[in-house]
Amino acid sequence: MGIVLGRYGFEGPLATIETIEAASGIFALLRGCADDYELVELQESDDLRAAAAKVALPKASLADLPNEAVVFAVCYLPNHSSERRSTMVCEILREFDGDVTKRSLKDVDLPKFW
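Residues numbered from 1 in each chain as written. Predicted model: local features only at pLDDT ≥ 70, side-chain atom pairs only at ≥ 80, totals over all residues. Heavy atoms only, no water.

Some remarks on helix α3 (residues 82-96)
Residue pairs spaced three or four apart in an α-helix point in one direction, given the helix's 3.6 residues per turn.
So, point 1. End to end, α3 covers 21 Å across 15 residues, agreeing with the expected 21 Å (1.5 Å per residue, within 8%).
So, point 2. Along α3, the positions that sit buried rather than exposed are Arg85, Ser86, Met88, Val89, Cys90, Ile92, Leu93 and Phe96. (Helix = DSSP H or I, 4+ residues; strand = E, 2+ residues; numbered from the N terminus. Expected span 1.5 Å × (residues − 1). Buried < 20%, exposed > 50% of the residue type's maximum accessible area, 1.4 Å probe, protein only.)

Right under this line is the structure:
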């Protein structure tokens, strides 16, 4: 199964960080269940596994709604520079929230995209 964010295809949902390769690309942290996810975080990195491991998981997703899951989606981009990946992140964020300066979406009420 895949996830589309903006015009980009992501692999996922992935339940554990161990399933993410230590490669460059973009990762999304998602919260929800089945086919109803909300975007929580979106970042680019040279090492997706390490970057995903540093993200603080939102407590509310686990404590308030026990049926919800926190999962990852990744888009591997080995031939893209950090600048190009950042541009892609901004393109995706523009669709959710007009403010492209926000990297963390934990405090922003976003529409569901799935």
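Comments concerning unusual backbone geometry
So, point 1. The omega torsion of the bond from Gly12 to Pro13 falls at 5°, within 30 degrees of zero and hence cis.
So, point 2. Looking at the element boundaries, Pro13 is found in strand β2 (residues 8-14).

Details of the environment of Ala28
So, point 1. Tracing the chain through its elements places Ala28 in strand β3 (residues 25-33).
So, point 2. Along the primary structure Ala28 and Val40 are separated by twelve residues, whereas in three dimensions their C-alpha atoms are 7.4 Å apart.
So, point 3. Once you skip the residues sitting within four places of it in the chain, Ala28 turns out to touch Leu5, Leu39, Glu41, Leu42, Val71, Phe72 and Ala73. (Contact = heavy atoms within 4.5 Å.)

Comments concerning the confidence of the model for the protein
Detailed reading of the predicted model is not advised wherever pLDDT is low.
So, point 1. Overall, the prediction assigns the protein a mean pLDDT of 78, with 71% of residues at 70 or greater.
So, point 2. At the low end of the mean pLDDT range in the protein sits helix α2 (residues 59-63), at 46; at the high end sits helix α1 (residues 48-54), at 92. (pLDDT = per-residue confidence, 0-100.)

Notes on the side chain of Ser45
So, point 1. Assignment of secondary structure puts Ser45 in strand β4 (residues 36-45).
So, point 2. A relative accessible area of 14% means that Ser45 is categorised as buried.
So, point 3. Among the polar contacts listed, one links the side chain of Ser45 to the backbone nitrogen of Asp47, at a separation of 3.0 Å.
So, point 4. Contacts of Ser45, omitting those with residues within four sequence positions, involve Ala23, Ser24, Gly25, Ala51 and Arg85. (Polar contact = N/O pair within 3.5 Å; in protein donor to acceptor, adjacent residues only side chain to side chain.)

Describing the pattern of salt bridges
So, point 1. Evaluation of the coordinates by the stated rule reveals five salt bridges.
So, point 2. Ionic pairing is found between Arg31 and Glu38, a salt bridge with its closest N-O pair at 3.9 Å.
So, point 3. We note a salt bridge from Arg85 to Glu44, for which the minimum N-O separation is 2.8 Å. Of this pair, Arg85 sits in helix α3 while Glu44 sits in strand β4, and the two are 41 residues apart along the sequence. Both residues of the pair, Arg85 and Glu44, count as buried.
So, point 4. Sharing partners across several salt bridges, the network here consists of Arg7, Arg84 and Glu91. (Salt bridge = Lys/Arg side-chain N within 4 Å of Asp/Glu carboxyl O.)

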